[in-house]
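# Results of the structural survey
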Amino acid sequence: MMQRRTLMGAVAAGLAAPSIVAAQGAWPNRPIRLIVPWAPGGSTDTVARLFQPRLAAILGQPVVIENRGGASGSIGASEMARAPSDGSAWMLAYDNEAPNQTLLRLNYKTMEDLLPVSLVATGPLVMTAHSSTPFQNFEEVVAAAKRNPDALNYATSGVGGLAHISTTLLQQRSGFKLTHVPYRGGGPAVTAAVANEIPLFMTNVVIVSQHIRAGTLRPLGVTTRGETRHVPGTRSFAQQGFGDFEAPTWWAFFGRAGTPQPIVDRMHAALKEALADPNVKARIEEQGCDIVASDPAEARRFVGAEIERWAAVIRDNNIQMDS
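Residues numbered from 1 in each chain as written. Predicted model: local features only at pLDDT ≥ 70, side-chain atom pairs only at ≥ 80, totals over all residues. Heavy atoms only, no water.

As a further point, take the pairing of strand β9 (residues 217–222). In terms of burial, β9 is largely enclosed, as 6 of its 6 residues are buried. Direction of pairing for strand β5 (residues 125–130) relative to β9: antiparallel, over a ladder of 5 bridges. Considered in β9, the bridge of Ala129 is made with Arg218. (Buried < 20%, exposed > 50% of the residue type's maximum accessible area, 1.4 Å probe, protein only. Helix = DSSP H or I, 4+ residues; strand = E, 2+ residues; numbered from the N terminus. Pairing = 2+ DSSP bridges.)

Here the focus is helix α3 (residues 74–82). An α-helix turns once per 3.6 residues; consequently, residues spaced three or four apart project the same way. A large share of α3 lies buried, amounting to 7 of its 9 residues. What α3 keeps buried is the set Ser74, Gly76, Ala77, Ser78, Glu79, Met80 and Ala81. On its buried face, α3 is in contact with β1 (32–36), β3 (89–94), α4 (97–103), α5 (110–113), β4 (114–123) and β10 (249–256). (Contact = heavy atoms within 4.5 Å.)

Glancing now at the packing of aromatic side chains. Tallying each qualifying case throughout the model produces 11 aromatic pairs. Centroid distance Trp27 to Trp90: 6.1 Å. Interplanar angle 65°. Geometry classified as edge-to-face. Pair noted here: Trp27 is in the loop between α1 (2–25) and β1 and Trp90 is in strand β3, with a separation of 63 residues, a long-range link. With a relative accessible area of 8%, Trp27 lands in the buried category. Considering the side-chain rings of Phe138 and Phe237, the 4.9 Å spacing of their centres and the 85° angle between planes classify their relative orientation as edge-to-face. Pair noted here: Phe138 is in helix α6 (residues 138–147) and Phe237 is in the loop between β9 and β10, with a separation of 99 residues, a long-range link. Cluster of aromatic residues (ring-pair linked, three or more members): Phe138, Phe176, Phe237, Phe242 and Phe245. (Phe/Tyr/Trp six-rings, centres within 6.5 Å; stacked < 30°, edge-to-face > 60°.)

Let's shift gears to the sheet that holds strand β11 (residues 290–291). Within a sheet, neighbouring strands are paired by backbone hydrogen bonds and run either parallel or antiparallel to one another. In spatial order, the strands read β2-β1-β3-β10-β4-β11; together these 6 strands make up an open sheet with mixed pairing. Both edges of this open sheet fall to β2 (63–67) and β11, since each of them pairs with a single strand only. Direction of pairing for β1 relative to β3: parallel, over a ladder of 3 bridges. Within β3, the position partnered with Ile35 by the bridge is Met91.

Our focus in this paragraph is the nonpolar core. Soluble, globular proteins show a tendency: their nonpolar side chains are buried together. Counting 80 residues, the largest nonpolar core has Phe51, Phe138, Leu200 and Phe253 as its most contacted members. It is helix α2 (residues 43–59) that contributes the most residues to this core, 7 residues altogether. Dropping the residues within four chain positions of it, Phe253 is found in contact with Leu34, Phe51, Trp90, Met91, Leu92, Leu115, Pro116, Val117, Ser118, Val120, Met267 and Leu271. (Core = buried A, V, L, I, M, F, W, Y, C linked by side-chain atoms within 4.5 Å.)

This next bit is on the confidence of the model for the protein. Of all residues in the protein, 92% attain a pLDDT of 70 or more, and the chain-wide mean is 90. Counting interchain partners and residues more than four positions distant, the pLDDT-below-50 stretch residues 1–24 has 1 contact. (pLDDT = per-residue confidence, 0-100.)

Turning next to the side chain of His164. Within the secondary structure, His164 is located in helix α7 (residues 162–174). The class of His164 is buried, set by a relative accessible area of 3%. A polar contact of 3.5 Å, which involves the side chain of His164, links it to the side chain of His180. (Polar contact = N/O pair within 3.5 Å; in protein donor to acceptor, adjacent residues only side chain to side chain.)

Take the pattern of salt bridges next. Throughout the structure, instances matching the rule amount to 17 salt bridges. Its salt-bridge partner being Arg54, residue Glu273 comes within 3.6 Å of it at the nearest N-O pair. Placement of the pair is Glu273 in helix α10 (residues 261–276) and Arg54 in helix α2, with a sequence separation of 219 residues. For Arg173, the salt bridge identified is with Asp244, shortest N-O distance 3.5 Å. Of this pair, Arg173 sits in helix α7 while Asp244 sits in the loop between β9 and β10, and the two are 71 residues apart along the sequence. Given the relative accessible area of 49%, Asp244 is considered partly exposed. The network of salt bridges with shared partners includes Arg33, Glu66, Arg68, Glu79 and Arg82. (Salt bridge = Lys/Arg side-chain N within 4 Å of Asp/Glu carboxyl O.)

Glancing now at empty space enclosed by the protein. Counting across every chain of the model gives 2 cavities of 30 Å³ or more. Counted as a void, the largest cavity has a volume near 100 Å³. Where the lining of the largest cavity is concerned, the elements lending two or more residues are α2 and β8 (200–204). By residue number, the principal contributor to the lining of the largest cavity is β8, which donates 4 residues. Of the residues contributing to the lining of the largest cavity, the split by class is 6 nonpolar, 7 polar and no charged. For the second largest cavity, the full set of lining residues is Pro37, Trp38, Ser72, Gly73, Ala93, Tyr94, Asn96, Glu97 and Asn100. Tallied by class, the residues present in the lining of the second largest cavity amount to 4 nonpolar, 4 polar and 1 charged. (1 Å grid on protein atoms, 1.4 Å probe; cavity = no way out; pocket = protein on both sides within 12 Å on 5 of 7 lines; lining within 4 Å. Points joined across faces, edges and corners; volume = space filled by probe spheres on them. Nonpolar A, V, L, I, M, F, W, Y, C, P; charged D, E, K, R; others polar.)

A few words now on the environment of Gly175. On the secondary structure map, Gly175 appears in the loop between α7 and β7 (179–182). Among the residues examined, Gly175 registers a relative accessible area of 60% and is labelled exposed. Remark: the alpha-carbon pair of Gly175 and Pro149, spanning 26 residues in sequence, is separated by 9.9 Å.

Next up, the structure:
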């Protein structure tokens, strides 16, 4: 009797296996949401729209971008944290996702409610000045700021982002003071910088590369350890007297925690294939960043380390939402 039951159980399991595989293989069977927690025109939106068509073609379903901007990217991330764990929604996050965990009161935790799928790309931050200003490098900005503390304004895409925190760290290390003017995303900030509404702008290279090439914005320093191919001829902050200073910006692809592993694996494979497409890779990297396309384990390690690293800077400098 026991042998018969064992045999019947094995047969039943064998019959069930194809249906399970079939159900998993059916994903995706409807359009996929790609949440971008920033307004249109910013770097995250730009990167997403460059790989979106290829990703949709690989998956065989439309990938619909939803811009859910506000609160330093946390509104969109909160939406992602409420999404079902069925692979119907994903998110491309910006580096703000790390400091937000310390700076904001959130209704979710990145490392618990979200699932890092891939570190998509990294790149340098760059401090730019409008071409009408006299500044030729960041050393001249520091000298001017020391002569007149708080007289110089600089823009970023928002309070608590890497651009804001890294500039705070630069000021701490060298004893000068700039006045922070946060905007609601990279799109509005770059518009203000190009219009010369504000003299200095700390941002990723993606949204200012064309304005640097046009000569409207002048690069003064980058956050890579040395010079970078994305802003040729511009010295890093480390090379301008800031020790070992380094603060790369990044974009990462997330799913909802609890998403079945076969779905995560298929999405990761599709995303990696999309980012490896020569046209997609070239178009993203010409914006000013480098494709990484890491695996989920590496993405999780990276994001976790970023959360810890910038939490220390936020606490040490008492950075708050009204900073």
